[in-house]
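Below, each chain spelled out in residue letters.
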Amino acid sequence: MATVDEAIDALTQLGFPRQQLNERSGLVLLALLDLTPDKPWSEATAPLRGITPMMEHMAEHYGKRYAPNSRETVRRQTVHQFLQGGLILQNPDQPDRPVNSGKTTYQISSFALDLLRAYGQQDWVLALRRYQLRVEALKERWEKKRQLQRIPVVLPDGADITLSPGGQNVLIAALVKDFCPMFTPGGRVLYIGDADEKFAVYDRKGLEALGVVIEEHGKMPDLVVHYADRDWLVLIEAVTSHGPVDAKRHEELQTLFAGSTAGLVFVTSFLDRRTLAKYVGDISWETEVWVAESPTHLIHFNGDRFLGPYE
């Protein structure tokens, strides 16, 4: 019957590093195979599971209860390595799902499932050898597919970057493509956040030259542009499901960029008017609003610095 020790042994034979050879990783593997103490490995299946359902499986069937705030540890220190190792797939049901979506799911790969069903049986060693020969080619194929799903972005200076698919990154790409040439012509992108990689652009020296020292990327706006013609630092939030520049966020950004020698301009952006309508009552009066549906138009609130090609 499936035990945590057996799961750790299977991971050991699969060649995972020491950091993943622990109880947490063993429990994650069992959850992804939907195995319980009364099931043999041959009955493993491949359910779609998010981090929380995995943790619920651990608690219900193996008596291991992790605190809710341990989700990120499970994701970063086990699930991420399983992905890198080609053992599991992310969002196979919807590959373009945003990486920070609450609906993110993981699933054991079909090849790994076939292998692990043979754990403890006579053909395990032969199945393991076959799997190891195939997994590198599969990882390369999956990585190419993942790269094709990323969003290409050309920065104002001509540099090419890509963003993880979906979510607010679609809006960030529109901001760089449409907003920047119109409202910050010649501006320099100093920062772009990306949930998949924390940030896609981080010009630390450029920010420090303006008196801005960043210690925690989680507090940063989604896009930061230095508009040198006006010596303004334009701080842009890309809103798809939450997070307009309301009064509280405005104060946070003022504090974070308090050392800036450039004037601060606050912008809240939306993909469409429908989303704008949802949050219009929350937006700080000291901000400006841009909607991707109307890329040449900027809505001015009661701020003292206004962007616009008409000035």
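As a reminder, the structure under discussion sits directly above these lines.
Just so we're clear, the structure is a prediction, and the values are computed from it rather than from any experiment.

Looking at the element boundaries, D222 is found in the loop between α8 (204–209) and β7 (223–227). Among buried Asp, Glu, Lys and Arg side chains, D222 stands out as unpaired, with R249 the closest opposite charge at 6.8 Å. From its side chain, D222 meets the backbone nitrogen of A238 in a polar contact 2.7 Å long. When residues no more than four places from it in sequence are discounted, the contact partners of D222 are Q168, I172, Y191, I192, G193, I236, E237 and A238.

A separate point is the pattern of salt bridges. Within this structure, the stated rule accounts for 13 salt bridges. In this structure, the salt-bridge partner of R76 is E72, at a minimum N-O distance of 2.6 Å. Pair noted here: R76 and E72 are both in helix α4 (residues 71–84), with a separation of four residues, about one helical turn. By relative accessible area, R76 is classed as partly exposed at 41%. With relative accessibility at 36%, the residue E72 sits in the partly exposed group. Between K248 and E252 there is a salt bridge; the shortest N-O distance is 2.7 Å.

Another aspect to go through is the nonpolar core. Nonpolar side chains in soluble globular proteins tend to be buried together. L29, W41, L87 and L116 are the most contacted members of the largest nonpolar core, which has 39 residues in total. Those elements that provide at least two residues to this core are α1 (4–13), α2 (23–32), α3 (51–62), α4, β2 (106–108), α5 (110–116) and α6 (124–149). Setting aside its immediate chain neighbours within four residues, L29 contacts A7, L11, W41, F82, L87, I108 and L116. Of all hydrophobic cores here, the second largest spans 29 residues; its members include I151, L163, F183 and V265.

Cut-off values and rules
Residue numbers here run from 1 along each chain, matching the order of that chain's written sequence. Local features in this predicted model are restricted to residues whose pLDDT is 70 or higher, and side-chain atom pairs enter the listing and the counts only when it is 80 or higher, whereas totals over whole chains, interfaces and linings include all residues. The basis for every side-chain value is the complete set of non-hydrogen atoms in the structure, without hydrogens or water. In this description a helix means any DSSP run of H or I spanning at least four residues, a strand means any run of E spanning at least two, and both kinds are numbered starting from the N terminus. Think of it in three bands: with a 1.4 Å probe and only protein chains considered, a residue is buried below 20% of the maximum accessible area for its type, exposed above 50%, and partly exposed in between. By the counting scheme adopted, Arg and Lys are positive, Glu and Asp are negative, and His together with the chain ends is not counted. One side-chain nitrogen of Lys or Arg within 4 Å of one carboxyl oxygen of Asp or Glu is enough to make a salt bridge. Whenever two N or O atoms come within 3.5 Å, that pair is a polar contact, provided that in protein one can donate a hydrogen and the other can accept it, and provided that, for residues adjacent in sequence, both atoms are side-chain atoms. Should any heavy atoms of two residues lie within 4.5 Å, those residues are counted as being in contact. In these notes, a set of buried Ala, Val, Leu, Ile, Met, Phe, Trp, Tyr and Cys residues joined through side-chain atoms within 4.5 Å is what counts as a nonpolar core.

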